[in-house]
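Spelled out, the chains give:
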Amino acid sequence: MAANSPPLLLAVVSFLSACQQGYYAKMVGRSRIKHNITPPAVNGPAEFERVFRAQQNCVEFYPLFLVFLWTAGSFFNQELAAIIGLCYMYARHVYFRGYVDSAKGRLPGFYSSLAALFCLMILGTAGITNRALDEYLDFDLLEKIRQLF
Amino acid sequence: MAANSPPLLLAVVSFLSACQQGYYAKMVGRSRIKHNITPPAVNGPAEFERVFRAQQNCVEFYPLFLVFLWTAGSFFNQELAAIIGLCYMYARHVYFRGYVDSAKGRLPGFYSSLAALFCLMILGTAGITNRALDEYLDFDLLEKIRQLF
Amino acid sequence: MAANSPPLLLAVVSFLSACQQGYYAKMVGRSRIKHNITPPAVNGPAEFERVFRAQQNCVEFYPLFLVFLWTAGSFFNQELAAIIGLCYMYARHVYFRGYVDSAKGRLPGFYSSLAALFCLMILGTAGITNRALDEYLDFDLLEKIRQLF
């Protein structure tokens, strides 16, 4: 039936985060209606501009997040990457809510989302390095560490 | 030769839609030349702003579309997902054409593209749920339904 | 441990380019601080607007680049696609540096990045065509060409 399936947990987190992106786009649409701002205009009251920029920032970071999530999940550990991915989504939720309220309110969520991205980046680097050592030097570091315990 | 190949139809639709994105970027460039708007400016006559916003909106939705396409295609049915993906591309084409003409002209294409995304989302949800039931509860719902006929 | 791993070289190039995207986002943040532009504002001195537009343009092309990279690498040749991917990243680097200096400075890097994208597109088209011929007509063109030498 279905094509050879990709890892389920990474797919679930990607799917949920795509829904979240859709939700943010909807929020911008609602804010357009509320403040009576017809496209193609993207300027207006500060409240609308905050909603718009909050969504734009999420859009900018989304492909980056997906790449880090799949790298960490494919080369290091799927479960761990999926959990950090959910944390990222929650941080983005806090960011968006905060930004809608005030420009300063965006900061806690933004820094948390950067922290989650940073964790995924570290795991991705570790996973890729390990896989490269294994492939080119036949040396599986993670396996060796596991054998110590 | 090539690395272990991903599902062909999903790859073809992704590839074509990426070409479409490139085409939209080119349209913005042409509109810049026509209206003599040098970067980094993004403001100008309403006609240019409509072209620019049309492309921006396509950019915003593109990663979301790819995630929904691949989830639906990998976990539910590749052929069906590819066909809906082509419908999405056509809806975006109508959207872009319409938006270039007038701000109101964007609506039919936009709503159609949302409908296509919604279909992919439903298929994706069904596919992921089925796969999760299968993996964690050893219960393949789609297979059971197929056996009824 | 890790889920069934995707092709290593494509993953490495994707990962590095995602880090590059993160770097550009950071540059915008720095430019905001330097010119004292608080979000959600995106207008300001020409220098800030150039940095901002440079990053925005990279964001717009990023998903497109990833799709072309993976199509070329999965269906044609992973090593070749990875090398062109690195060229694209370098071209984007030149683009960003040049754009920060002046609006005209963006052009050399921009045209180079388009050339790299175009190469990936050609490879992707060749790879997909070959795979489609193989799958539907049982005719492996690339294999036949290889046998000639």
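Right above here is the structure, for reference.
Residues numbered from 1 in each chain as written. Chains lettered and ligands numbered in written order. Predicted model: local features only at pLDDT ≥ 70, side-chain atom pairs only at ≥ 80, totals over all residues. Heavy atoms only, no water.

A. Geometry of the relation of the copies chain A and chain C. With an RMSD of 0.0 Å, the fit of chain A onto chain C corresponds to turning through 120° and sliding 0.0 Å along the axis. Accordingly, the operation relating the two chain copies is best matched by a three-fold axis. Among all residues of chain A, the minimum C-alpha distance to the rotation axis is found for A:Pro63, at 3.9 Å. Taken together, the interface assignments show that only 7% of the residues at the interface of chain A recur at the interface of chain C, consistent with different surfaces on the two copies. (Least-squares fit on C-alpha atoms with pLDDT ≥ 70 in both. Contact = heavy atoms within 4.5 Å.)

B. Spotlight on a nonpolar patch on the surface. All names here are of chain A. Together, Tyr136, Leu137, Phe139, Leu141, Ile145, Leu148 and Phe149 make up an exposed nonpolar region whose accessible area comes to about 830 Å². Of all the elements in the fold, those that place two or more residues in the nonpolar patch are helix 4 (107-137) and helix 5 (141-147). Along the polypeptide, Leu148 turns up in the segment after helix 5. Given a relative accessible area of 70%, Leu148 falls into the exposed group. (Patch = residues over 30% accessible without salt bridge, like charges linked within 9 Å, V, L, I, M, F, W, Y side chains within 5 Å. Areas by Shrake-Rupley, 256 points an atom, 1.4 Å probe, with all protein chains shown as cover. Salt bridge = Lys/Arg side-chain N within 4 Å of Asp/Glu carboxyl O. Helix = DSSP H or I, 4+ residues; strand = E, 2+ residues; numbered from the N terminus. Buried < 20%, exposed > 50% of the residue type's maximum accessible area, 1.4 Å probe, protein only.)

C. Here's a closer look at the interface of chain A and chain B. In this complex, chain A contributes 27 residues to the contact, which on the side of chain B involves 30 residues. Summed over both sides, the interface of chain A with chain B buries roughly 2,300 Å², with 71% coming from carbon and sulfur. Joining chain A to chain B, the criterion identifies zero salt bridges. Mapped onto the side of chain A that touches chain B, the elements with two or more residues apiece are helix 1 (8-35) and helix 2 (46-75) of chain A. Looking at the side of chain A that touches chain B, the element that brings in the most residues is helix 1 of chain A, giving 12 residues. Taken together, the residues that form the side of chain A that touches chain B break down as 20 nonpolar, six polar and one charged. (Buried area = accessible area lost by both parts, 1.4 Å probe. Nonpolar A, V, L, I, M, F, W, Y, C, P; charged D, E, K, R; others polar.)

D. Quick peek at the relation of the copies chain A and chain B. By a simple turn and slide, chain A fits onto chain B: the slide is 0.0 Å along the axis, the RMSD is 0.0 Å, and the turn is 120°. The two copies present different faces, since only 7% of the interface residues in chain A are matched by interface residues at the equivalent positions in chain B.

E. Summary view of the side chain of C:Gln56. Relative to the helices and strands, C:Gln56 resides in helix 2 (residues 46-75). Overall, the relative accessible area of 5% leaves C:Gln56 in the buried class. If we skip the residues at most four places from it in the chain, C:Gln56 touches A:Gln56, A:Glu60 and B:Gln56.

F. Molecular detail of the packing of helix 3 (residues 78-101) of chain A against helix 4 of chain A. Residues and elements named next belong to chain A. Following both chains from N to C, one finds helix 3 and helix 4 inclined at 160°, their axes separated by 7 Å at the closest point. Classified by the angle their axes make, helix 3 and helix 4 are roughly antiparallel. Considering the relative orientation of helix 3 and helix 4, their crossing is left-handed. Between helix 3 and helix 4, the residues in contact are Leu80, Ala81, Ile84, Tyr88, Ala91, Arg92, Val94 and Tyr95 and Gly109, Phe110, Ser112, Ser113, Ala116, Leu117, Cys119, Leu120 and Leu123, respectively. Considering only residue class, the contact of helix 3 with helix 4 consists of 13 nonpolar, three polar and one charged. (Axes fitted to C-alpha atoms, helices over the stretch in contact; angles between N-to-C directions. Parallel < 35°, antiparallel > 145°, perpendicular 65-115°, else oblique. Left-handed = near helix turned anticlockwise from the far one by under 90°.)

G. Highlighting the side chain of C:Arg53. Tracing the backbone shows C:Arg53 in helix 2. A polar atom in the side chain of C:Arg53 sits 3.4 Å from the side chain of C:Glu60. Sequence-distant contacts of C:Arg53, that is, excluding residues within four places in its chain, are made with B:Arg32, B:Pro40, B:Val42, B:Phe52, C:Glu60, C:Tyr95 and C:Tyr99. (Polar contact = N/O pair within 3.5 Å; in protein donor to acceptor, adjacent residues only side chain to side chain.)

H. Focus on unusual backbone geometry. With an omega of 5°, the peptide bond between A:Pro39 and A:Pro40 qualifies as cis. A positive phi is found at B:Asn36, a non-glycine position, where the angle reads about 55°. Residue position: B:Asn36 is located in the loop between helix 1 (8-34) and helix 2 (46-75).

I. Structural view of the interface of chain A and chain C. Contacts between chain A and chain C engage 30 residues on the former and 27 residues on the latter. Carbon and sulfur atoms make up 71% of the surface buried where chain A meets chain C, a total of about 2,300 Å² over both sides. Put simply, chain A and chain C have zero salt bridges between them. On the surface where chain A and chain C come into contact, there are three residue pairs in polar contact (both at pLDDT 80 or more). Those elements that provide at least two residues to the side of chain A that touches chain C are helix 2, helix 3, helix 4 and helix 5 of chain A. With 14 residues, helix 2 of chain A is the largest single contributor of residues to the side of chain A that touches chain C. Split by residue class, the side of chain A that touches chain C holds 15 nonpolar, seven polar and eight charged.

The values are spatial; any link to function lies outside them.
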